[in-house]
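Observations on chain architecture
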Amino acid sequence: MVLALFLLTLEFVPSATAEYGDVVINNQSDKAGMRPPVFPHWFHRIRFRCKVCHADLGFKFQAGGNQINMLKIIDGEFCGACHNGEIAWSVENCDVCHSGKPGTPTQVHGSTVQKLLGAPAPKPDNAAAKPDTTSPKPDKKK
Amino acid sequence: MSGVILRIVCLLLFLSVGSAGAADKWLPLAKDGLHDPNNPGIHELQQPKDALSTLPEDTAGNLVSWVEALRKGVIVPRTNIMPDTKIQVLDLDLIYSKTGDSWYVRFPHKAHTEWLDCTNCHEKLFKTKFGATGIKMLDILSGHYCGQCHGAVAFPLTECRRCHSVNPDTFTGKIGPQPVGGKP
């Protein structure tokens, strides 16, 4: 038990300081030579209820899980539903979205799961199903 | 099973001691470890402190009581951007009792549906019947069920008492769905 706790603690790299709920999306940005975008939940939830994005606009609850790219954004999907020069400023402000440190992996900053597992938590695509045995459990990581 | 939970609790306590104290409440973006200080666009971004310090205080997560901010009208987040999707609030509390030595859990639909749509939880995360989903603490801590949001965006899982808020010694009602109009 003590050893397990020790090992678990070692896995935790204390870098967690950014604002709670900040999401980094980096499926393609690094490869494309762009800084990864940082999505701040705190900023958006002052202005919109969760349901606006997660129900009406169809954002899945999974950092990096929505296959967002610039074409879709310019087409008015995902971020582009608002960042179109009407509800919010439009896509030409590249640096305002693409503001993360290069090399930062896709993650939710401040996530308990991430802290426990020492890595961004992989989620089953179908979050509906009961978590199966393949889902990451902290006790398996030794 | 309970040994695992105990281990996780120890770890959580360790983490919460190690993380942000009062001094570094809402770090400047250039020093938060996530934003690139060399990005020219960083000056266009609002500092968390400027917005969050004006909202009702809390002790975890964003250090903001979002439920209170919304109820008191300190913030007025939009409910829709498409004309015909509206927010549907449901006032229905559920009390859970399979909590081992911990206090019972109160799940308030009201506080959730003020932010979320029914489809955010039903049937994807939860069955529409009390007890049918079989929620376990270890799964929550692994990021499932309640842990999908709590621990990522809504208040973190270190705040056991906010969910485990019902003292079994003084609770006299019945387990499960509560009569409408109970405590929000």
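See above for the structure.
Here's a quick rundown of the structure. None of the values given here were measured: they were computed from a predicted structure. (Residues numbered from 1 in each chain as written. Chains lettered and ligands numbered in written order. Predicted model: local features only at pLDDT ≥ 70, side-chain atom pairs only at ≥ 80, totals over all residues. Heavy atoms only, no water.)

With respect to the overall build of chain A
Within chain A, the regular secondary structure consists of six helices and three strands. The 142 residues of chain A split such that 44% are buried. Sequence separation of 24 or more characterises 55% of the internal contacts of chain A that already satisfy a separation of 6 or more. Just so you have it, chain A exposes about 7,300 Å², and 60% of that area is on carbon and sulfur atoms. (Helix = DSSP H or I, 4+ residues; strand = E, 2+ residues; numbered from the N terminus. Buried < 20%, exposed > 50% of the residue type's maximum accessible area, 1.4 Å probe, protein only. Contact = heavy atoms within 4.5 Å. Areas by Shrake-Rupley, 256 points an atom, 1.4 Å probe, with all protein chains shown as cover.)

Here's the deal with the sheet that holds strand β1 (residues 22-24) of chain A
All names here are of chain A. Pairing is antiparallel across the open sheet formed by three strands, whose spatial order is β2-β1-β3. Because the sheet does not close on itself, it has two edges, and the strands there are β2 (38-40) and β3 (107-108). Note that β1 and β2 share three bridges and pair antiparallel. Across the sheet, residue valine 23 finds its bridge partner in β2, namely phenylalanine 39. (Pairing = 2+ DSSP bridges.)

Re the packing of aromatic side chains
For any pair of aromatic rings, geometry is given as the distance between the ring centres together with the angle between the planes. All names here are of chain B. By the definition in use, this model includes six aromatic pairs over all chains. Seen from their ring centres, tyrosine 96 and phenylalanine 130 are 4.7 Å apart, and the 40 degrees between their planes marks the pair as tilted. Here the residue tyrosine 96 occupies a position in strand β1 (residues 93-96), and phenylalanine 130 occupies one in the loop between α5 (118-121) and α6 (137-141), the gap between them amounting to 34 residues. Taking relative accessible area as the criterion, tyrosine 96 reaches 22% and is therefore assigned partly exposed. With a relative accessible area of 30%, phenylalanine 130 lands in the partly exposed category. Ring plane angle 80 degrees and centroid distance 6.1 Å describe the contact between tyrosine 104 and phenylalanine 171, whose orientation is recorded as edge-to-face. (Phe/Tyr/Trp six-rings, centres within 6.5 Å; stacked < 30°, edge-to-face > 60°.)

Some words on the pattern of salt bridges
All chains considered together, the criterion is met by nine salt bridges over all chains. For Arg35(A), the salt bridge identified is with Asp36(B), shortest N-O distance 2.8 Å. Here the residue Arg35(A) occupies a position in the loop between β1 and β2, and Asp36(B) occupies one in the loop between α1 (2-18) and α2 (48-52), the pair thus bridging two chains. Here Arg162(B) and Asp58(B) are joined by a salt bridge, their closest N and O atoms 2.9 Å apart. Of this pair, Arg162(B) sits in helix α7 (residues 160-163) while Asp58(B) sits in the loop between α2 and α3 (66-71); the two residues are 104 residues apart in sequence, bridging distant segments of the chain. (Salt bridge = Lys/Arg side-chain N within 4 Å of Asp/Glu carboxyl O.)

Some points on the nonpolar core
In terms of nonpolar packing, the biggest core is built from 14 residues, with Trp42(A), Ile46(A), Leu52(B), Leu55(B), Trp66(B), Ile75(B) and Trp115(B) touching the most fellow members. Looking at this core, the elements that each hand over two or more residues are α2 and α3 of chain B. What Leu52(B) contacts, discounting residues up to four positions off in sequence, is Glu19(A), Trp42(A), Ile46(A), Trp26(B), Asn62(B), Val64(B) and Trp66(B). (Core = buried A, V, L, I, M, F, W, Y, C linked by side-chain atoms within 4.5 Å.)

Structural notes on the environment of Cys94(A)
All names here are of chain A. If you trace the backbone, cysteine 94 turns up in helix α5 (residues 94-97). A relative accessible area of 38% places cysteine 94 in the partly exposed class. Along the backbone, cysteine 94 and valine 38 are 56 residues apart, and their C-alpha atoms lie at a distance of 12 Å.

Some details on the environment of Tyr96(B)
Expressed as a C-alpha distance, the spacing of Tyr96(B) and Glu68(B), which sit 28 residues apart in the sequence, is 24 Å. Not counting residues within four places of it along the chain, the set of residues in contact with Tyr96(B) comprises Tyr104(B), Val105(B), Phe107(B), Phe130(B) and Ile135(B).

Topic: the sheet that holds strand β2 (residues 105-108) of chain B
All names here are of chain B. Pairing within the open sheet is antiparallel, and its three strands lie in the order β2-β1-β3. In the strand order of this sheet, the two ends are held by β2 and β3 (176-177), each with one partner. With four bridges joining them, β1 and β2 adopt antiparallel strand pairing. Looking at the pairing, leucine 94 lines up with phenylalanine 107 of β2.

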